[in-house]
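Here is what each chain is made of, one letter per residue.
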Amino acid sequence: MNGRFDRFLEKRKADIISAVLRLVDRKGVNGVTTKRIALEVGVAEGALYKHFRSKNEIFLRILEVTELQLQEEYAGMAGRGLGPEQWLEALFQFLVAYLEEFPGLYRTVFSDALYAGDSELRQRFKATIHGLKESAEQAIRSGVNAGLFRAELDPHTSAIMYLGVVDTSFTLWSIFEERSRGLAEVARPLFAEYMNSLHRGPALPAPAGPMASPS
């Protein structure tokens, strides 16, 4: 399970990170302790400190490695010369596959408790999410400029909604579906509807006053 991490970290650190993500998925961020990490990895608790100075350092490395993998994905997508629609789909597929492989990552990244007392973690989280938003926003803006998407779209807002589809897909899969089928299968119709919204005609304006009562 640590195959995505051991390209960036030595094996023992990759093992620890994978163990932490499994624990976060089962126990939540607040339920992760060094004792539980040590039991999950199969080492003495004191041995963890040979690799990480603190639990928060482990979470920081998780975010850093995630950012490195995103940068690799961006570079690979750019090398394939993808158009705006293909870019949005390829990035979405990557995110869905990554979260299905490491569902604890979702609970790590979106944990308010984790960032409350650690400004370094908060800044790393903001940088990662900002990078995702910027990638989607650039693709949407290119699609608008090329006439592929509706001219009145706000790329910034549409990019935030794009991330919202990832969020909603994971929640639907993990909570409501209880992971009874693949995340990609659950996410597919939500993503298709989102892409349809980029192409549809302008929405009807909101009523100017109170809605009239039916006669």
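**Things to note about the packing of helix H4 (residues 84-101) against helix H7 (residues 119-145)**
Close contact between H4 and H7 brings their axes to 8 Å; oriented N to C, the two are set at 155°. When the axis of H4 is compared with that of H7, the two are roughly antiparallel. Between H4 and H7 lies a crossing whose hand is left-handed. In contact with Pro 84, Trp 87, Leu 88, Leu 91 and Leu 95 of H4, H7 contributes Leu 132, Ser 135, Ala 136, Ala 139, Ile 140, Ser 142 and Gly 143.

**Topic: the environment of Gln 69**
Turning to its location among the elements, Gln 69 is positioned in helix H3 (residues 55-79). On the basis of relative accessible area, Gln 69 is assigned to the buried category, the value being 4%. Along the primary structure Gln 69 and Lys 27 are separated by 42 residues, whereas in three dimensions their C-alpha atoms are 25 Å apart.

**Quick notes on the nonpolar core**
Counting 65 residues, the largest nonpolar core has Val 20, Ile 37, Leu 88 and Tyr 162 as the members making the most contacts within it. Per element, the largest residue contribution to this core is ten residues, and it comes from H4. In contact with Val 20, other than residues within four places in its own chain, are Val 32, Ile 37, Ile 58, Phe 59 and Ile 62.

**Brief notes about the confidence of the model for the protein**
The pLDDT averaged across the protein works out to 89; a share of 92% of its residues lies at or above 70. Counted against residues more than four places away or in other chains, residues 203-215, with its pLDDT under 50, gives zero contacts.

**Brief notes about helix H9 (residues 183-199)**
Counted at 1.5 Å a residue, the expected span for H9 with its 17 residues is 24 Å, and the 25 Å between its end C-alpha atoms agrees. Maximum bend of H9: about 25°, positioned at Pro 189. Burial in H9 covers these residues: Leu 183, Val 186, Ala 187, Phe 191, Tyr 194, Met 195 and Leu 198. Contact partners of the buried residues in H9: H4, H7 and helix H8 (155-176).

Calculation criteria
- Residues numbered from 1 in each chain as written.
- Predicted model: local features only at pLDDT ≥ 70, side-chain atom pairs only at ≥ 80, totals over all residues.
- Heavy atoms only, no water.
- Axes fitted to C-alpha atoms, helices over the stretch in contact; angles between N-to-C directions.
- Helix = DSSP H or I, 4+ residues; strand = E, 2+ residues; numbered from the N terminus.
- Parallel < 35°, antiparallel > 145°, perpendicular 65-115°, else oblique.
- Left-handed = near helix turned anticlockwise from the far one by under 90°.
- Contact = heavy atoms within 4.5 Å.
- Buried < 20%, exposed > 50% of the residue type's maximum accessible area, 1.4 Å probe, protein only.
- Core = buried A, V, L, I, M, F, W, Y, C linked by side-chain atoms within 4.5 Å.
- pLDDT = per-residue confidence, 0-100.
- Expected span 1.5 Å × (residues − 1).
- Bend = angle between axes of the 7 residues up to and from the residue.

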